Amino acid sequence: MPLPRPTRHRLRALYRTITSHWKLIAFAASLLLLEVCVHVRNYAVTRPAEPLDAPFYAGCQDPVLNNTARASAVLLMLARNSEVDGATASVRSVQEQFNDNFGYPWVFLNDEEWSEEFKEKVGQAVGKEGNVEFKQIPKKMWGYPDWIDQDKAKANMQVMKDKKIQYGGLESYHHMCRFQSGFFFDHPALLPYKYYWRVEPNIRFTCALTYDPFVSMQAHKKRYGYNIALWERGQTVPSLFRKLSDFKSAHYLPTSPLWTAMIDASYMPWPFRRALAWLRNRDGNGDLWNMCHFWSNFEIADLDFFRSDAYRKVFEYLDKDGGFYYERWGDAPVHSLAAAMLLKPEELHHFSDLGYIHDGLQYCTFQSTQEEKKRGFGMPPGISGKGHGKIEGREEVGCRCQCDPDARVVEPVCLNRIGLAMA
Ligand SMILES: *[C@@H]1O[C@H](CO)[C@@H](O)[C@H](O)[C@H]1NC(C)=O
């Protein structure tokens, strides 16, 4: 069918414009292309000249390195009475693999009163030598702050529930994420301590820890230790990254390689890129958070990082925004992005020597070559499968590791990118 006359006319005019100005157009296009290349290159993560994060020790320490003075540190678990079995299992695992030889104190926190059953069973798992406290969370640390529109929050939770966003419809889960993001470190039971190790119900460690991780963190000036890095579900935190990157710009915070490692640069040419900023999980420039974050259900950290003015400011800003309730911001992406924004890469530590299982997902110690170990980086890229068994020519990190053949190994894609910034 022939085009109607005026359209044909316009097309011909356009064609004429293009042919007469093609040099100019080609020039503009190559400028845009060049800008895209430079932009994407700026987000390439490069190895630092010196390795920043070697494993603290390789292999088993025999005898166990438990003869140094203890650090100011505590093992922390937040749980409900109904989780007594999962809590007991986790405590057993931590005691067997580590704490029977070190005797660090435990604090258990609950938003409700502890049941006698929980205290008895979990106390038994710690052992009679153990130092255990069962505490409640003060009301002011758990529940809606007064600036939250609770009707809006509940309506949004219903929407999250309908969209099948995991735990999105559970009010208490939102309170929990807010507590774990902004309050746990101020709980009276934690105030005496500088370091903490977060333990959750239903976790398991599959390697022995034969040195003191708190003492090592202190000796190496580490402030945040993690084991698994993986992807967040984008639907739970659609505006979190934008909020944090706006905060970062507003306070002129420098961009560390760690922050860069969290970003997938957009290939959209410059004038159009900024329009992408309105999509979820993007910053004001339109670049995308790659959803990588540290799984905070295991965390060994310096509590003074969370107690710092800088972290408190970040939390207050997020808390005022309301995303803990209007969306389902988890404490894992909050801790991770705050660490990437506020800490130097060398202040993070990957516990690459710990096997760890939670929720059917596991980290297995990946063996490292001598060269990788010298650089302090033990993650061969693209490793797949179960990750256990010795790989030819590779030396083992970790001690008496027994990966679980039935749990899914988290592919180290996020770890590789983050690790590159520190290796
Ligand atoms: C140190 O570890 C050994 C096991 O290697 C254990 O027998 C000893 O009781 C531990 N010492 C302390 C103070 O916990």
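Keep in mind that this is a model prediction, so the values were computed, not measured. (Residues numbered from 1 in each chain as written. Predicted model: local features only at pLDDT ≥ 70, side-chain atom pairs only at ≥ 80, totals over all residues. Heavy atoms only, no water.)

1. Details of the site of the ligand
Around the ligand sit V64, N66, R70 and N101, and that is every residue in its neighbourhood. Interatomic distance of 2.3 Å between a side-chain N/O atom of N66 and an oxygen atom of the ligand. Separating an oxygen atom of the ligand from a backbone N or O atom of N101 is a distance of 3.0 Å. Bound to the protein, the ligand loses 41% of the 360 Å² it would expose on its own. (Near = heavy atom within 4 Å. Polar contact = N/O pair within 3.5 Å; in protein donor to acceptor, adjacent residues only side chain to side chain. Areas by Shrake-Rupley, 256 points an atom, 1.4 Å probe, with all protein chains shown as cover.)

2. Quick look at empty space enclosed by the protein
By the definition in use, this model includes 3 cavities of 30 Å³ or more. Here the second largest cavity defines a volume of roughly 40 Å³. Around the second largest cavity, the lining residues are Y57, A58, G59, A208, L209, T210, Y211, D353, G398 and C399. A class-by-class count of the residues in the lining of the second largest cavity yields 6 nonpolar, 3 polar and 1 charged. (1 Å grid on protein atoms, 1.4 Å probe; cavity = no way out; pocket = protein on both sides within 12 Å on 5 of 7 lines; lining within 4 Å. Points joined across faces, edges and corners; volume = space filled by probe spheres on them. Nonpolar A, V, L, I, M, F, W, Y, C, P; charged D, E, K, R; others polar.)

3. Digging into the state of the cysteines
Summed over the entire model, instances satisfying the criterion amount to 4 disulfides. Here C207 is linked by a disulfide to C401, with a sulfur-sulfur distance of 2.0 Å. Residues C207 and C401 share a disulfide whose torsion about the S-S bond is about 110°; that sign makes it right-handed. With C207 in the loop between β5 (203-205) and α7 (213-219) and C401 in the loop between α15 (370-374) and β15 (408-409), this pair connects stretches of sequence that are 194 residues apart. (Disulfide = S-S within 2.5 Å. Helix = DSSP H or I, 4+ residues; strand = E, 2+ residues; numbered from the N terminus.)

4. Here's the deal with unusual backbone geometry
Between D62 and P63 the backbone carries a cis peptide bond, its omega angle lying at 0°. For P63, the position within the fold is in the loop between α2 (22-42) and β1 (73-78). Not every positive phi belongs to a glycine, and K221 is a case in point at roughly 55°. Among the secondary structure elements, K221 is positioned in the loop between α7 and β6 (224-226). What makes K221 exposed here is its relative accessible area of 65%. Phi is positive for Y252, close to 50°, though the residue is something other than glycine. (Buried < 20%, exposed > 50% of the residue type's maximum accessible area, 1.4 Å probe, protein only.)

5. A closer look at the UniProt feature "active site" (unreviewed entry) in the chain
The residues that UniProt annotates with the feature "active site" (unreviewed entry) are E299. Note on placement: E299 falls in strand β11 (residues 299-302). Filtering out sequence-adjacent residues up to four positions away, E299 remains in contact with Y196, W197, R198, Y224, G225, F306 and H335. Within the local environment of E299, its side chain forms a polar contact with the side chain of Y224, the two groups lying 2.6 Å apart. (UniProt positions renumbered as here; feature names shortened; annotations may be inferred. Contact = heavy atoms within 4.5 Å.)

6. Re the sheet that holds β1
Strand order in the open sheet formed by 7 strands is β3-β2-β1-β4-β11-β6-β12, with mixed pairing between adjacent strands. Taken across any chain shown, the strands that pair with only one partner, and hence form the sheet edges, are β3 (132-136) and β12 (348-350). Neighbour to neighbour, the strand axes of the sheet diverge by 20° on average, direction disregarded. Strand direction decides the pairing type here: β6 and β11, joined by 2 bridges, are antiparallel. (Pairing = 2+ DSSP bridges. Axes fitted to C-alpha atoms, helices over the stretch in contact; angles between N-to-C directions.)

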